[in-house]
Amino acid sequence: MRAMQNFRPRHFAIVPAAGSGSRMGAAQPKQYLDLLGKPLIRHSLEVLCATPEIDKVFVVLSIGDAEWKRYDWSDLGPKLVPLFCGGATRADSVLGGLRAIVHEAEQSDWVLVHDAARPCLARWHIEKLVRELAHDEVGGLLAVPVADTLKRADAHRHVLETVPRDSLWQAQTPQMFRYVMLRRALEAATNVTDEASAIEAAGLRPRLVEGDATNLKVTYPLDLHLAEWILENRGSC
């Protein structure tokens, strides 16, 4: 335990990476697909490990993950720690990670959960999130306002209505909440697709911190090409 007079909340990153990425149609898990000569997951891990605000980076892997040890991660330093306790869902993996670090994290420390499939994370994304949520009672997430016109469909894919996009945001990651708040929310929640959903189910209202569209999630093969372009051209755009 840290002395109260010296207390400052720390910031731990958790990267759930136990999924298979079946929609990519690839032979290996999505997080290990090649992106500019590196495993896809490495791009965001490099940024997280290089950001001074982040004290430690925990990667939650499936128990039987055989790919991780095929790569050399040593240059990322002691800040990076693999945890082989991943579950069947993202929520299970994040909760497993939170339980695994129970003796390291204080209840009021911040936890930033980041998708393994978002390789274009930039340092400014993290810095802005940490800065804007530093004194927030709940926490929040990176997100972008919805730009496209949205249609609600019936079971036969006919349009039922056009959904007003005013006040609609597309959730991204990292999503940042206090350790104890996030753990309790995930332990109580069912069928949630992200950490903010669990916090909302607990009756709380996460804050939206505006990011940008470059922080995309690689879901389909075309997304790999978009991510490649973003990473190659980030300095000039």
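Residues numbered from 1 in each chain as written. Predicted model: local features only at pLDDT ≥ 70, side-chain atom pairs only at ≥ 80, totals over all residues. Heavy atoms only, no water.

A. Layout of the layout of surface pockets. Considered as a void within the structure, the second largest pocket measures approximately 230 Å³ in volume. Around the second largest pocket, the lining residues are Arg118, Val144, Pro145, Val146, Ala147, Asp148, Leu150, Gln170, Gln172, Ala213, Asn215 and Leu216. Listing elements by their share of the lining of the second largest pocket, those giving two or more residues are β7 (139-145) and β10 (169-178). Broken down by class, the residue content of the lining of the second largest pocket amounts to seven nonpolar, three polar and two charged. (1 Å grid on protein atoms, 1.4 Å probe; cavity = no way out; pocket = protein on both sides within 12 Å on 5 of 7 lines; lining within 4 Å. Points joined across faces, edges and corners; volume = space filled by probe spheres on them. Helix = DSSP H or I, 4+ residues; strand = E, 2+ residues; numbered from the N terminus. Nonpolar A, V, L, I, M, F, W, Y, C, P; charged D, E, K, R; others polar.)

B. Local environment of the packing of helix α2 (residues 90-100) against helix α4 (residues 179-188). Closest axis-to-axis distance for the α2/α4 pair is 10 Å, and the angle between their directions is 135°. For the element pair α2 / α4, the angle class is oblique. Of the two possible hands of crossing, α2 and α4 adopt the one that is left-handed. Contacts between α2 and α4 involve Ala91, Val94, Leu95, Leu98 and Arg99 from the former and Tyr179, Leu182, Arg183, Leu186 and Glu187 from the latter. Of the residues in the contact of α2 with α4, the class split is seven nonpolar, no polar and three charged. (Axes fitted to C-alpha atoms, helices over the stretch in contact; angles between N-to-C directions. Parallel < 35°, antiparallel > 145°, perpendicular 65-115°, else oblique. Left-handed = near helix turned anticlockwise from the far one by under 90°. Contact = heavy atoms within 4.5 Å.)

C. Layout of the UniProt feature "site: Positions MEP for the nucleophilic attack" (unreviewed entry) in the protein chain. Residues annotated by UniProt as "site: Positions MEP for the nucleophilic attack" (unreviewed entry) correspond here to Arg165 and Lys217. Checked against the element boundaries, Arg165 lands in the loop between β9 (159-163) and β10. The exposure class of Arg165 is partly exposed, given its relative accessible area of 39%. Structurally, the position occupied by Lys217 is in the loop between β11 (207-210) and α6 (221-233). By relative accessible area, Lys217 is classed as partly exposed at 34%. Once residues within four sequence positions are removed from consideration, Lys217 is found in contact with Asp115, Ala117, Arg118 and Asp223. (UniProt positions renumbered as here; feature names shortened; annotations may be inferred. Buried < 20%, exposed > 50% of the residue type's maximum accessible area, 1.4 Å probe, protein only.)

D. Here's a closer look at unusual backbone geometry. Here Thr173 and Pro174 are connected by a cis peptide whose omega angle stands at 10°. With respect to the helices and strands, the residue Pro174 is situated in strand β10. Non-glycine residue Ser167 carries a positive phi angle of around 70°.

E. The nonpolar core, seen in detail. Leu45, Val57 and Leu80 are the most contacted members of the largest nonpolar core, which totals 28 residues. Among the elements of the structure, β1 (11-17), α1 (40-50), β4 (56-61), β6 (110-113) and α3 (123-133) are those that each provide at least two residues to this core. Among the elements that take part in this core, α1 stands out by supplying five residues, more than any other. Those residues within four positions of Leu80 in sequence are excluded, and the remaining contacts are Leu45, Cys49, Val57, Val59, Trp68 and Trp73. If you look at the next biggest cluster of nonpolar residues, it comprises 26 residues, including Ile14, Leu95, Phe177 and Ala196. (Core = buried A, V, L, I, M, F, W, Y, C linked by side-chain atoms within 4.5 Å.)

F. Molecular detail of the sheet that holds β6. Taking strand neighbours across the sheet as the criterion, the seven strands line up as β5-β4-β1-β6-β10-β7-β11 in an open arrangement whose pairing is mixed. What marks the edges here is a single partner per strand, and that holds for β5 (80-84) and β11. Taking each pair of neighbouring strands and ignoring which way they run, the sheet shows an average axis angle of 30°. Bridging between β4 and β5 involves five bridges; their strand directions are parallel. Considered in β5, the bridge of Phe58 is made with Val81. (Pairing = 2+ DSSP bridges.)

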